[in-house]
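An overview of the molecular structure
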There are 2 protein chains.
Amino acid sequence: MLDILIKNGIIITMDDDRPVINGGCIGIEGGRIAFVSGENEPSGRAAAVRVINAAGRIVMPGLINTHAHTAMCVMRGYADDLPLNKWLFERIFPAEARLTEREVLAGVRLGIAEMIASGTTSFSDMYAHEPKTAEIVLECGMRANLSNGIIALGDEFDFEADRATRELRSLIADWHNAGNGRIRADASIHAEYTSPPWVWRRMHELAAENGLITQLHLSETKGETEDCALRRGGRSPVRAFYDEGILDTPVLAAHGVWLSDEDMELLREKGVSVSHCPVSNLKLGSGIANASKMLERGINVSLGTDGCASNNSHDLFEEIKLAALLAKGSTLDPTAVPAYTALKMATVNGARAQGRGNETGSLKAGFDADIIMLDTDKPHMRPLYDAVSTAVYSARGGDVALTMVQGRVLYENGEFKTLDIQRVLRETEEFAVPVVLSEKA
Amino acid sequence: MLDILIKNGIIITMDDDRPVINGGCIGIEGGRIAFVSGENEPSGRAAAVRVINAAGRIVMPGLINTHAHTAMCVMRGYADDLPLNKWLFERIFPAEARLTEREVLAGVRLGIAEMIASGTTSFSDMYAHEPKTAEIVLECGMRANLSNGIIALGDEFDFEADRATRELRSLIADWHNAGNGRIRADASIHAEYTSPPWVWRRMHELAAENGLITQLHLSETKGETEDCALRRGGRSPVRAFYDEGILDTPVLAAHGVWLSDEDMELLREKGVSVSHCPVSNLKLGSGIANASKMLERGINVSLGTDGCASNNSHDLFEEIKLAALLAKGSTLDPTAVPAYTALKMATVNGARAQGRGNETGSLKAGFDADIIMLDTDKPHMRPLYDAVSTAVYSARGGDVALTMVQGRVLYENGEFKTLDIQRVLRETEEFAVPVVLSEKA
């Protein structure tokens, strides 16, 4: 007996063999997809604990956000339109210094609620308090790769490096593969400019030992690459990491706005995934990453929102459309990054970037049932000529009618099944707003 | 006695004297704003036929879309990711040739429904069948400047020019200032490359005679400006229109992607408004208009969605955020086009571009009550530090909880008050989809 049968859906499988099924069904059993069929209802084996009629709905894989600082949700709208240094050093860092675990967790809950409601089923996170974040991920039913981005500057090299090592070891011991594999620990080097190479190597060794992905920020701003060249004998951040062997284990690098052709070649050679963050890169004035060139060169490009202090949203549908649009507008080529490619970035490529390529990102038998549904019964979703076009160029997070991870429904028709949303909203205002605003006053 | 009292709202007035009121009320009488007060409830004169409690809601001016081809909604998602010529000549033009009035009107209804539901209260339209469009605008309670873009090419110069003249004369006679001023007839020249200068002059004379705004497409693509230079002795489209006197009456020019410094100076001198269409310009690979430079030079820049075949949405909140983002990302300056400026483009500047600067676009006493409300009781709208930031960087069309034009509620909590939405959706699929798809087969 199936746990869930989804019938009569317009299915975007993201399986290249048959990417769209106009009227099909999906059987779910034990958290996994048992079958995807091109018939509206299955001919045999129809019994299911629950039948979901998806008539008029687009059924598709849950989206994967490969670069987030989820807790920063508490700073959404707190510091906009500022020069990067003023934004970071005068607003964000001082505010972060005042946040305690209570406020951080209010932010994490808020961010996860937002992701669930807008169709994201898995995210890669880099922030502090990751063990507590893991608890929330576990209880909400989400999927996440969690990492504590190491920053070891100034006189506190050793102290910070030791702390980060300790934290990663305990994150691995307590949380790696927890929640039926939903939670993974990732290693992390915050960026080329925030710690010295011996710290990178220590993180890399831990990653190699434990088979982890390493998350990092890479070539986000022009200044970063110029400073790196000055500091490291003309080398780019990519070349610096490459030379230290950091790219020899799987790496998920966020941004990649300022990559030379040689950088792209090194990333391709090492199989590094790049998390393209179009909204954040524009908002902070960092620039426009050349996603279509990276894709052409065979780099695995996924999508991320970055933190909500530089976005100010976790809506991956916005990133999908913008990734397609920016590629066209910045190259003056309207055929660049077509809809299906953009959707791949947020699904199949995202799963690969998280080391979950055989687990999620497309709808096929044996994969985990991470599924979302879009309501098309709204003027902006019609007419419906082509489900992929509708999902990419017309849909928004607000059109998500159902979100499911490993066969568990987390959100349906506006209702959160694993979160007390009114409490989440209340705690964000009660805990977080006064703390952050105190600096402004 | 007031018709409506809106109380307890977070009010974004877009009135520079006090742009945001954190807890105020608005009185509405006879379709106009009677007062905007900084108190949650008015101290005197509180009686109202209807009281709307806006607690937890952002109350703001309705948005103004200054470049739309609304009927093209029937082609949403029908032709994406194609080279411009293939898109236009092999898909859009053939499909348009097969559309009859019935399908066009289904598209107009769909587009207006989408606009109303996403907070747009006024739009500037350029398409065929404008008298029928006017009927729908009238019955839906919307506000619109309607124009029939003249295309007079090849052997049919005279015929098309005569027809366009006749149509504009009857649009003026039948519809100009109808619906208590909600409907206006605009003159229109489709573009520099689609009719000869004597046709432009004829349209211009009609505009001058009747005090009309003239809508046109201007410097949308690189090819357009290059061809113009070849054809017109090195002149740009702006210079060509300027030299013919076309800019001597008020002009609303869409796009402005490829403007030289001299072009901008001519536009400023003549007080031409430019409708920036960031999504469409990216999607068709036209480029990125330099909105911040235009604004700095004193040009009135408003926002448009363009037609839904090149967008594929009428959500002005998307254009607002993207206008702010693109200005920053393309200039590498995170302070370019801050939130309040972006919101002005979609409100105050839009009203001015439509010749309605004393009528709508901001919330102040004496102005028409074109008002929308945003629901902030959702994770992606919290925390609420700054209403302008939330409206620009976090809100989406789907967050609109109420839309009102001249004090009449058109949409509230998902319900359309002046449209049978199920019929609109059904007719779009029944009439329009088969007609458009017939060419694809």
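These numbers were taken from a predicted model, which means no experiment stands behind them.

Focus on the overall build of chain A
Along the backbone of chain A there are 15 helices and 18 strands. The C-alpha atoms of chain A give 21 Å as radius of gyration, which agrees with the globular expectation for 441 residues (22 Å, within 12%). Its C-alpha atoms give chain A principal-axis dimensions of roughly 65 × 45 × 40 Å. The buried share of chain A, reckoned over its 441 residues, is 63%. Taking all contacts inside chain A whose residues are at least 6 apart in sequence as the whole, residues at least 24 apart take part in 73%.

As for the relation of the copies chain A and chain B
Rotating chain A by 180 degrees and translating it 0.0 Å along the rotation axis places it on chain B, where the RMSD comes to 0.0 Å. What the superposition gives is, in effect, a two-fold axis relating one chain to the other. Considering only C-alpha atoms, the part of chain A nearest the rotation axis is Gly398 of chain A, at 3.1 Å. When the interface residues of chain A are mapped onto chain B, 98% of them again lie at the interface, so the same face is used by both copies.

Remarks on the pairing of strand E8 (residues 143-147) of chain B
Residues and elements named next belong to chain B. Taken across its five residues, E8 has five buried, putting it largely inside the fold. Side chains Arg143, Asn145 and Ser147 of E8 all project onto a buried face; the interleaved residues Ala144 and Leu146 project onto the opposite face, where all are buried too. As defined by bridge partners, strand E7 (residues 120-126) adjoins E8 across five bridges and the pair is classed as parallel. Within the sheet, the bridge partner assigned to Asp125 lies in E8 and is Leu146. Handedness of the crossover is the feature at issue here: the chain leaves E7, passes through helix H3 (residues 130-140), returns alongside E8, and the resulting connection is right-handed. Pairing between E8 and strand E9 (residues 183-185): three bridges, direction parallel. Pairing of Asn145 across the sheet is with Arg184, part of E9.

Observations regarding the pairing of strand E2 (residues 20-29) of chain B
A regular strand places its side chains so that they alternate between the two faces of the sheet. All names here are of chain B. When strand E1 (residues 2-12) meets E2, the two strands line up antiparallel, connected through seven bridges. Across the sheet, residue Ile6 finds its bridge partner in E2, namely Ile26. Where E2 lies against strand E3 (residues 32-37), five bridges are found, and the strand directions are antiparallel. Among the inter-strand pairings, Glu29 is bridged to a residue of E3, identified as Arg32.

Brief notes about the interface of chain A and chain B
With 58 residues of chain A at the contact, the number on the chain B side is 57 residues. A total of seven residues in the side of chain A that touches chain B trace back to one element, the largest contributor, which is helix H15 (residues 421-440) of chain A. A breakdown of the residues in the side of chain A that touches chain B according to their chemical character gives 28 nonpolar, 16 polar and 14 charged.

Topic: helix H4 (residues 157-175) of chain A
Between the first and last C-alpha of H4 of chain A there are 26 Å, a value that for 19 residues agrees with the 27 Å anticipated at 1.5 Å per step. Two residues or fewer after H4 of chain A comes Asn177 of chain A, characterised by a positive phi angle close to 70 degrees.

Structural notes on the confidence of the model for chain A
Mean pLDDT over chain A stands at 95; residues scoring 70 or higher make up 99%. Here the prediction assigns the complex a pTM of 0.97, and the interface score ipTM is 0.97.

Here we look at the sheet that holds strand E10 (residues 187-191) of chain A
Residues and elements named next belong to chain A. Spatial strand order, E10-E11-E12-E13-E14: five strands in an open sheet with parallel pairing. In this open sheet, the two strands that pair with only one neighbour each are E10 and strand E14 (300-303). Taken pair by pair, the neighbouring strands of this sheet meet at an average axis angle of 25 degrees, ignoring direction. Here E10 pairs with strand E11 (residues 214-218) via four bridges, running parallel. Paired with Ala191 across the two strands is His217, which belongs to E11.

Describing helix H2 (residues 101-117) of chain A
All names here are of chain A. Between the first and last C-alpha of H2 there are 24 Å, a value that for 17 residues agrees with the 24 Å anticipated at 1.5 Å per step. Most of H2 is tucked away: 15 of the 17 residues are buried. Following H2 by one or two positions, Gly119 has its phi on the positive side, about 90 degrees.

A few points about the nonpolar core
The nonpolar side chains of a soluble globular protein tend to be buried with one another. Ranked by internal contacts, the top residues of the largest apolar core, which has 300 residues, are Ala323 of chain A together with Ala323 of chain B. Ignoring any residue separated from it by four or fewer positions in sequence, one finds Ala323 of chain B in contact with His276, Pro278, Ala291, Leu303, Val337, Ala342 and Met345 of chain B.

Section: the domain arrangement of chain A
Where the parts come together, the accessible area they lose is often given as the size of the interface. All names here are of chain A. Domain assignment breaks chain A into domain 1 (2-61 + 363-416) and domain 2 (63-353). At the level of elements, helix H14 (387-394), strand E16 (400-405) and strand E17 (408-412) are the ones that each hand at least two residues to the side of domain 1 that touches domain 2. In terms of residue count, H14 provides more of the side of domain 1 that touches domain 2 than any other element does, five residues in total. Looking at the side of domain 1 that touches domain 2 residue by residue, the class counts come to 14 nonpolar, five polar and three charged.

What to know about the sheet that holds strand E7 (residues 120-126) of chain A
All names here are of chain A. If you trace the four strands from one edge of the open sheet to the other, you get E6-E7-E8-E9, paired in parallel fashion. Each edge of the open sheet carries a strand with a single partner, namely strand E6 (63-68) and strand E9 (183-185). Across this sheet, the average inter-strand angle for adjacent strands is 10 degrees, counted without regard to direction.

Reading the values: rules and limits
The residue numbers shown here count from 1 along each chain, following its written sequence. As a convention, the first chain written is A and the first ligand written is 1, with the rest following in written order. pLDDT decides what is reported in this predicted model: residues at 70 or higher carry local features, side-chain atom pairs at 80 or more are listed and counted, and totals for whole chains, interfaces and linings draw on all residues regardless. Secondary structure follows DSSP: runs of H or I at least 4 residues long count as helices, runs of E at least 2 residues long count as strands, and numbering of each begins at the N terminus. Atoms counted for the radius of gyration: C-alpha only. Globule rule: 2.2 Å times the number of residues to the power 0.38. Residue burial here comes from a neighbour count, namely the number of other C-beta atoms, placed from the backbone, that lie within 10 Å of the residue's own C-beta, with 20 or more meaning buried, 12 or fewer meaning exposed, and in between meaning partly exposed. The contact rule is simple: place each C-beta atom from the backbone, and if two of them lie within 7 Å, those residues are in contact. Superposition of the copies used a least-squares fit over C-alpha atoms from residues whose pLDDT is at least 70 in both. The criterion for strand pairing is that DSSP finds at least two bridges linking the strands in question. A clockwise path from the first strand over the helix to the second, with the strands pointing away from the viewer, defines a right-handed crossover. In this classification, Asp, Glu, Lys and Arg are treated as charged, Ala, Val, Leu, Ile, Met, Phe, Trp, Tyr, Cys and Pro as nonpolar, and every other residue, Gly included, as polar. Multiplying 1.5 Å by the residue count of a helix minus one yields the expected span of that helix. pLDDT is defined as a per-residue confidence score from the predictor, taking values between 0 and 100. Lines fitted to C-alpha atoms define the axes, with helix axes restricted to the stretch in contact, and inter-axis angles between N-to-C directions lie between 0 and 180 degrees. Each nonpolar core comprises buried Ala, Val, Leu, Ile, Met, Phe, Trp, Tyr and Cys residues, the members being joined through C-beta atoms within 7 Å. Each domain's extent is set by a domain assignment, obtained either automatically or from a database.

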